[in-house]
Amino acid sequence: MYESEKKSLVDTLRKKGITSEKVLNAIENVERHLFIPAAIRLHAYKDNALPIGYDQTISQPYTVAFMTEVLNLSEGDKILEIGTGSGYQAAILSYLEMKVFSVERNFELYNRTQLLFDQLGIRAVLRCADGTLGWNEFAPYNAIIVTAGSPDLPKSLFRQLAIDGKLIIPIGPKKKQELKLFTKLSDEKYSVKTFPDFSFVPLIGREGWKE
Ligand code: SAH
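First things first, this report covers the structure right here in the doc. Worth saying up front: this structure is predicted, and the values here are computed from it rather than measured.

Points about the packing of aromatic side chains
Then step 1. Taken as a whole and assessed by the stated rule, the structure comprises 12 aromatic pairs.
Then step 2. By way of ring pairs, the aromatic residues Tyr62, Phe66, Phe195 and Phe198 are connected into one cluster.
Then step 3. If you follow arginine 32 out to its NZ or CZ, it ends over the ring of tyrosine 88, 5.5 Å from the centre.
Then step 4. The ring of phenylalanine 158 has lysine 184 sitting right over it, with the charged end atom 4.8 Å from the ring centre.

As structure tokens, this is what we get:
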């Protein structure tokens, strides 16, 4: 289903600068229409964020592809996602054979996505909790991906990142953020790269926005 729409989405992402064939292949093969409400499925393969209920959105495919590409992961890497939402980003990471752990604060979304993953046989491990505190039990992670916008870098997340691990997070005011890619050099040191002009829903929690 949606074969020509999928191909044209991949073309669009190539034109916007995504080069990883693995990532493009994942975008072509993961059925994004299954992660969004039935009423708006027609728009599933356009390069747009879409509403998924509870004032939340499924991220734009370009953003998902970009964040996945810059993390430069290998098969079997352990990755923590904060903000499961629809589960689409987690499904892309699972498709790429990462070990995916994902935390969502909204119980209804967590529950709905867990049911969907059970139906689709996606083996990401989900948890309903405040993800600004990370998920200490399975730390350290080779990578951490935060899919909601934060005022700052949550210290717990940096602590749970492995040395040489990468953490990508939108940081900035509530309406517009920069994506920051941190590479952990030691327990105290990191290098950072910045990519401007992204827009995410807020990360709400103890080490994020206080609502
Ligand atoms: N990765 C998602 C994007 C969802 S939007 C996708 O592919 O669809 C961001 C999500 O982050 C929302 O579902 C929101 O409820 C969640 N969120 C916000 N603050 C959070 C927190 N502190 N911990 C976990 N999830 C959080």
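What follows picks up the thread again.
Let's talk about the site of the ligand
Then step 1. Taken together, 26 residues surround the ligand, and among them Glu81, Ser86, Glu104, Gly131 and Ile204 come closest.
Then step 2. A distance of 3.0 Å is found between a nitrogen atom of the ligand and a side-chain nitrogen or oxygen belonging to aspartate 130.
Then step 3. Glycine 131 places a polar main-chain atom, nitrogen or oxygen, 2.8 Å from a nitrogen atom of the ligand.
Then step 4. When the free accessible area of the ligand is taken as 580 Å², the share hidden by the protein chains comes to 99%.
Then step 5. When its residues are assigned to classes, the shell around the ligand shows 11 nonpolar, 11 polar and 4 charged.

A few points about the side chain of glutamine 89
Then step 1. Here glutamine 89 lies in helix H4 (residues 88-95).
Then step 2. Aside from chain neighbours lying at most four places away, what touches glutamine 89 is Val64, Thr68, Glu81, Ile145 and Thr147.

What to know about the pattern of salt bridges
Then step 1. Taken as a whole and judged by the stated rule, the model has 7 salt bridges.
Then step 2. One salt bridge connects glutamate 31 with lysine 6, and the closest N-O pair in it is separated by 2.6 Å. With glutamate 31 in the loop between helix H2 (21-29) and strand E1 (50-53) and lysine 6 in helix H1 (residues 3-15), this residue pair connects regions lying 25 residues apart in the sequence.
Then step 3. The salt bridge involving aspartate 187 is made with lysine 184; its shortest N-O contact spans 3.9 Å.
Then step 4. By relative accessible area, lysine 184 is classed as buried at 2%.
Then step 5. Each of Glu3, Lys6 and Glu31 takes part in one network of salt bridges that share partners.

Rules and cut-offs
- Position numbers for residues start from 1 in each chain and track the written sequence from start to end.
- The model is predicted, so local features are restricted to residues of pLDDT at least 70 and side-chain atom pairs to those at 80 or more, both for listing and for counting; the totals for chains, interfaces and linings are taken over all residues.
- Side-chain measures were taken over the full set of non-hydrogen atoms in the model, leaving aside hydrogen atoms and water.
- In this scheme Phe, Tyr and Trp rings, the latter by its six-membered ring, pair at centre separations within 6.5 Å, and the angle between planes marks the pair as stacked below 30 degrees, edge-to-face above 60, and tilted otherwise.
- A ring has a charge above it when a Lys NZ or an Arg CZ is no more than 6 Å from the ring centre and no more than 35 degrees off the ring normal.
- Note on definitions. A residue lies near a molecule or strand when any single heavy atom of the residue is within 4 Å of it.
- For this analysis, a polar contact is any N or O atom pair within 3.5 Å, provided that within protein one partner can donate a hydrogen and the other can accept it, and provided that sequence-adjacent residues contribute only side-chain to side-chain pairs.
- Accessible areas in this description were obtained via Shrake-Rupley with a 1.4 Å probe; residue shielding takes into account the shown protein chains only.
- All residues other than Ala, Val, Leu, Ile, Met, Phe, Trp, Tyr, Cys, Pro, Asp, Glu, Lys and Arg, Gly among them, are scored as polar; the first ten of these are nonpolar and the last four charged.
- The way it works is that DSSP assigns letters per residue, a run of H or I at least four long becomes a helix, a run of E at least two long becomes a strand, and they are numbered from the N terminus.
- In what follows, a contact means two residues having at least one pair of non-hydrogen atoms within 4.5 Å.
- Put simply, a salt bridge is a Lys or Arg side-chain nitrogen that is within 4 Å of an Asp or Glu carboxyl oxygen.
- Exposed residues in this analysis have more than 50% of their type's maximum accessible area, buried residues have under 20%, and partly exposed residues fall in between, with area computed by a 1.4 Å probe over protein chains only.

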